[in-house]
Amino acid sequence: MVQKAERVSAPRSGSGKPVGNVTRGTTNPNRMRRVDRWLTGPQAWRLRAAEDPLVVDLGYGATPATAVELFERLRAVRPDVRVCGIEIEPERVRVAKALERPGLSFQVGGFELPLSGRPVLVRAFNVLRQYEEADVAGIWRLVQGRLAPNGLFIDGTCDEIGRRVTWVALDAERPLSLSMSVRFGSFDLPSEIAERLPKALIHRNVPGEPVHRLMQAMDRAWLESAPLASFGNRQRWYAMCRSLLDGGWPVQDGPSRWRLGELTVAWEAVGRPSRGGRWLGPRRQGSLSELAS
């Protein structure tokens, strides 16, 4: 079991080696249900419109349970979906091969996505959390460069049984949004989800950073909604989301998602502004600058 991923280095051209490192691989059945519910909800149009319904579960871990679940859930949206589970550890792929069926396959690979087609969805959960923050921007660019038109890359993190989940959604050009989803009753303050922020943001939850301001605003709105607690946490979370929207935060998706314990904000709410005012992802650093070449 690998306890800490080493720094990713750019492979030499033509090396044929997977890009990435073996990570811990811990997983549990149903752990990704919250992000899968989002993919089959507000983002289902991407799969329906795709010329090639190819989807990747990248770094699915020691067991392929979440890749199988993703396949079964996406078939409700697109019966001809093709899900490929990609893992850098060959033994994990060897074990998963027994579960292959039409539309579901497994193969060895990394962030380079060694597929003949371009995926419309790439889900990488609890993978980049085990890398260095400086590696994130280069990995993002590498995966973004492999997406199909209207494709989406989901970089996320969750706790062991999927009660607290966050993810960044990116298209081929830029980060689009940050989503958070919680199980009601699993927290006292919404900001407790900060411990599960994606790698691009988890170290930015400090005073002066946009994501810290969002966490504070969520807590304030939650506390102000305390009188609704007698009606249940669902109503209280709904009121928190409405308060954030009314306060000018770029909240997306609307009440039907809020009632699920979900909150999505545009990336501009949490990203890093450049000098020109455009909101970006993590600061670009050198170790992965050649990955996309």
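In case you missed it, the structure is sitting above this.
What counts and what doesn't
- Residues numbered from 1 in each chain as written.
- Predicted model: local features only at pLDDT ≥ 70, side-chain atom pairs only at ≥ 80, totals over all residues.
- Heavy atoms only, no water.
- Helix = DSSP H or I, 4+ residues; strand = E, 2+ residues; numbered from the N terminus.
- Buried < 20%, exposed > 50% of the residue type's maximum accessible area, 1.4 Å probe, protein only.
- Contact = heavy atoms within 4.5 Å.
- Areas by Shrake-Rupley, 256 points an atom, 1.4 Å probe, with all protein chains shown as cover.
- Pairing = 2+ DSSP bridges.
- Axes fitted to C-alpha atoms, helices over the stretch in contact; angles between N-to-C directions.
- Parallel < 35°, antiparallel > 145°, perpendicular 65-115°, else oblique.
- Left-handed = near helix turned anticlockwise from the far one by under 90°.
- Expected span 1.5 Å × (residues − 1).
- Polar contact = N/O pair within 3.5 Å; in protein donor to acceptor, adjacent residues only side chain to side chain.
- Phe/Tyr/Trp six-rings, centres within 6.5 Å; stacked < 30°, edge-to-face > 60°.
- Right-handed = clockwise from strand over helix to strand, strands pointing away.

> Just to check I follow, could you spell out the overall build of the chain for this structure?
Along the chain, the regular secondary structure elements total 9 helices and 11 strands. Taking all 293 residues of the chain together, 53% fall into the buried category. Across the chain, the fraction of contacts at a sequence separation of at least 24, relative to all contacts at a separation of at least 6, is 66%. Split by element, the accessible area of the chain, about 13100 Å² in all, is 48% carbon and sulfur.

> Just to check I follow, could you spell out the pairing of strand S9 (residues 262–266) for this structure?
Sheet faces and side chains relate simply in a regular strand, where the side chains alternate between the two faces. Within S9, 5 of the 5 residues are buried, which leaves it mostly tucked inside the rest of the structure. A two-sided burial pattern is seen for S9, the buried positions comprising Glu262, Thr264 and Ala266 on one face and Leu263 and Val265 on the other. Pairing geometry for strand S7 (residues 175–182) and S9, over 5 bridges, is antiparallel. Considered in S9, the bridge of Met180 is made with Leu263.

> What am I meant to see in the packing of helix H7 (residues 210–224) against helix H8 (residues 233–246) here?
Two packed helices can be described by the angle between their axes and the distance between those axes. Following both chains from N to C, one finds H7 and H8 inclined at 125°, their axes separated by 8 Å at the closest point. Between H7 and H8, the interaxial angle falls into the category oblique. For the element pair H7 and H8, the recorded crossing hand is right-handed. Between H7 and H8, the contacting residues are Ala217, Met218, Ala221, Trp222, Leu223 and Glu224 on the first element and Asn233, Arg236, Trp237, Met240, Ser243 and Leu244 on the second.

> Even after reading the chapter, I still don't get H8, so can you show me in this structure?
Every α-helix winds through 3.6 residues per turn, so residues three or four apart in the chain are directed the same way. With 14 residues, H8 ought to run about 20 Å at 1.5 Å a step, and its terminal C-alpha atoms sit 20 Å apart, in line with that. Every buried residue of H8 is accounted for by Arg236, Trp237, Ala239, Met240, Cys241 and Leu244. Among the structural elements, S7, H7, strand S8 (251–252), helix H9 (255–258) and S9 are those in contact with the buried residues of H8. Remark: Gly248 follows H8 within two positions and exhibits a positive phi of approximately 100°.

> Help me understand the environment of Leu176 in this model?
Turning to its location among the elements, Leu176 is positioned in strand S7. Using a relative accessible area of 18% as the deciding quantity, one classes Leu176 as buried. Sequence separation of Leu176 and Leu152 is 24 residues, and the distance between their C-alpha atoms is 9.4 Å.

> It is not clear to me how the side chain of Arg46 should be interpreted in this structure. Could you clarify?
Tracing the backbone shows Arg46 in helix H2 (residues 44–49). A polar atom in the side chain of Arg46 sits 2.7 Å from the side chain of Gln43. Residues in contact with Arg46, not counting those within four places in the same chain, are Val120, Asn150, Gly151, Leu152 and Leu176.

> Help me understand the packing of aromatic side chains, please; the structure alone is not making it clear to me.
Aromatic ring pairs are described here by two measures, namely the spacing of the ring centres and the angle between the planes. Counted according to the given criterion, the structure contains 9 aromatic pairs. With centroids separated by 5.4 Å and ring planes inclined at 70°, the aromatic side chains of Tyr60 and Phe106 adopt a geometry described as edge-to-face. In this pair, Tyr60 sits in the loop between strand S1 (54–58) and helix H3 (65–74) while Phe106 sits in strand S3 (residues 104–108), placing the two residues 46 residues apart along the sequence. Judged by relative accessible area, Tyr60 falls into the buried class, the value being 3%. The class of Phe106 is buried, set by a relative accessible area of 1%. Pairing Phe111 with Tyr131 gives two aromatic rings, centres 5.6 Å apart and planes at 70°, and the pair type is edge-to-face. Here Tyr131 lies in the loop between strand S4 (121–125) and helix H5 (133–144) and Phe111 lies in the loop between S3 and S4, a separation of 20 residues in the sequence. With respect to class, Phe111 is no different from Tyr131; both count as buried.

> Could you clarify how one ought to interpret the pairing of S3 in this entry?
When strand S2 (residues 82–87) meets S3, the two strands line up parallel, connected through 5 bridges. Bridge pairing in S3 links Ile86 to Gln107. Read as a crossover between parallel neighbours, the route from S2 over helix H4 (residues 90–96) to S3 is right-handed.

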